[in-house]
Every structure is written in structure tokens, then in C-alpha cells.
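Structure at a glance
Chain by chain, the residues:
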Amino acid sequence: MSQAREAVFDEATVERRLKEELPQWRLEDGWIRRTYKTASWKGTLMVINTVGHLAEAAWHHPDLTASYAWVEVRLMNHAAKGITEKDFALARKIEEVVAWQPGTEGGGLEGTPTDPRFAYIKYEK
């Protein structure tokens, strides 16, 4: 694990990169943030566990806020006291996994049924 302090991006750079790389994320109060809408408490817990697994594997930990049908993920490099490349890397991985819709890409995985009993994430169109 690196002991050197990482470069912190200025606000304009963060805004530009979010627009280009992570358009569903936003910069607010020094954090990059994304709110995932879920279909139920079950979906909320699944998102929390997914984010937790990715964060622990990456050794870079977000702040989370959750309610019945949503999870907000907030990233900021605590050691560097700002947004660094680690935040963008983890945000991209979270987005890739949580927003994944296998039913839209063909292949052997069909995706979650449209029946509301099995709803998980409210995917953005």
C-alpha cells in the first residue's frame, strides 16, 4: 500500500471527468456521489453488499447512506482530503457492476425478470 499522498484533482477537473466518464455521478460538498434507486429493501441491501465487496477489495472505502428504495454512494479520498484517481477508479467499478444489465447484452444471462416480485435496481433508460 502506497504511503505517498495522492494528487487531488481540482473541482473543474472533477466536473469534466464526471461528465465524460461517469455522467450519473455528481460532485457535491467535496464528494463524488451517485444515488442508486432500488425496487425494495432487498435491492438496497444487495447494492450495499456489492459496493462493500468492491470497496474492500480495492481498499478504498466510500460513505453510504441508504433507505428503503435507494443507496447513495459518496467517494472522497480521506487520506488525501479530496478527489483522487482512486475515487474515479472505484466509482467506475461500482457503476460497472451495480448498473450491469445482462439482459440487454445478449448471451446466456437473461437478466432480472420484469415481474415486480423480482425487481432489483431501477435502471435508468
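Conventions and cut-offs
- Along every chain, residues carry numbers that run from 1 in the direction the sequence is written.
- Reporting of local features is limited, given that this is a predicted model, to residues whose pLDDT is at least 70; pairs of side-chain atoms are given and counted only at 80 or more, and all residues count toward the totals for whole chains, interfaces and linings.
- Hydrogens are left out, water is left out, and the side-chain values use all remaining heavy atoms of the structure.
- Patches were defined on residues exceeding 30% relative accessible area and lacking a salt bridge, with like-charge contacts within 9 Å and nonpolar side-chain contacts (Val, Leu, Ile, Met, Phe, Trp, Tyr) within 5 Å.
- Accessible surface area values rest on a Shrake-Rupley calculation with a 1.4 Å probe, where residue burial reflects the displayed protein chains alone.
- The rule for a salt bridge is simple: a side-chain nitrogen of Lys or Arg has to be within 4 Å of a carboxyl oxygen of Asp or Glu.
- In DSSP terms, a helix is any run of H or I states spanning at least four residues, a strand is any run of E spanning at least two, and both are numbered starting from the N terminus.
- Strands pair, by our definition, only if DSSP identifies at least two bridges between them.
- Note on geometry: axes are C-alpha line fits, over the in-contact stretch for helices, and angles between N-to-C directions span 0 to 180 degrees.
- Note on definitions: a residue-residue contact is assigned when non-hydrogen atoms from the two residues lie within 4.5 Å.
- A simple rule labels every residue: compare its accessible area, found with a 1.4 Å probe on the protein chains alone, to the largest value its type can have, and call it buried under 20%, exposed over 50%, or partly exposed in between.

1. Details of a nonpolar patch on the surface
Taken together, the side chains of Trp-41, Leu-45 and Tyr-68 make up a nonpolar region of the molecular surface, amounting to roughly 320 Å² of accessible area. Within the secondary structure layout, Trp-41 lies in helix 2 (residues 41–58).

2. Quick notes on the sheet that holds strand 2 (residues 31–37)
Here four strands make up an open sheet; going across it, the order is 1-2-4-3 and the pairing antiparallel. Each having just a single partner strand, strand 1 (26–28) and strand 3 (63–67) make up the two edges of the open sheet. For this sheet, the mean inter-axis angle between neighbouring strands, taken without regard to orientation, is 30°. Set on the sheet, helix 1 (residues 11–21) makes contact with strand 1 and strand 2; between it and strand 1 the angle comes to about 150°. The strands touched by helix 2 are strand 2, strand 3 and strand 4 (70–75); relative to strand 3, the strand with the most contacts, the crossing angle is about 170°.

3. Thoughts on the pattern of salt bridges
Once their charged atoms are close, side chains differing in charge can pair, the charge on each being opposite to the other. Summed over the entire model, instances satisfying the criterion amount to 15 salt bridges. When the shortest N-O distance is used, the salt bridge between Glu-6 and Lys-86 registers 3.3 Å. Of this pair, Glu-6 sits in the segment before helix 1 while Lys-86 sits in helix 3 (residues 85–98), and the two are 80 residues apart along the sequence. Take Glu-6: its relative accessible area is 27%, and that puts it in the partly exposed class. Here Glu-72 makes a salt bridge to Arg-33, at a shortest N to O gap of 3.3 Å.

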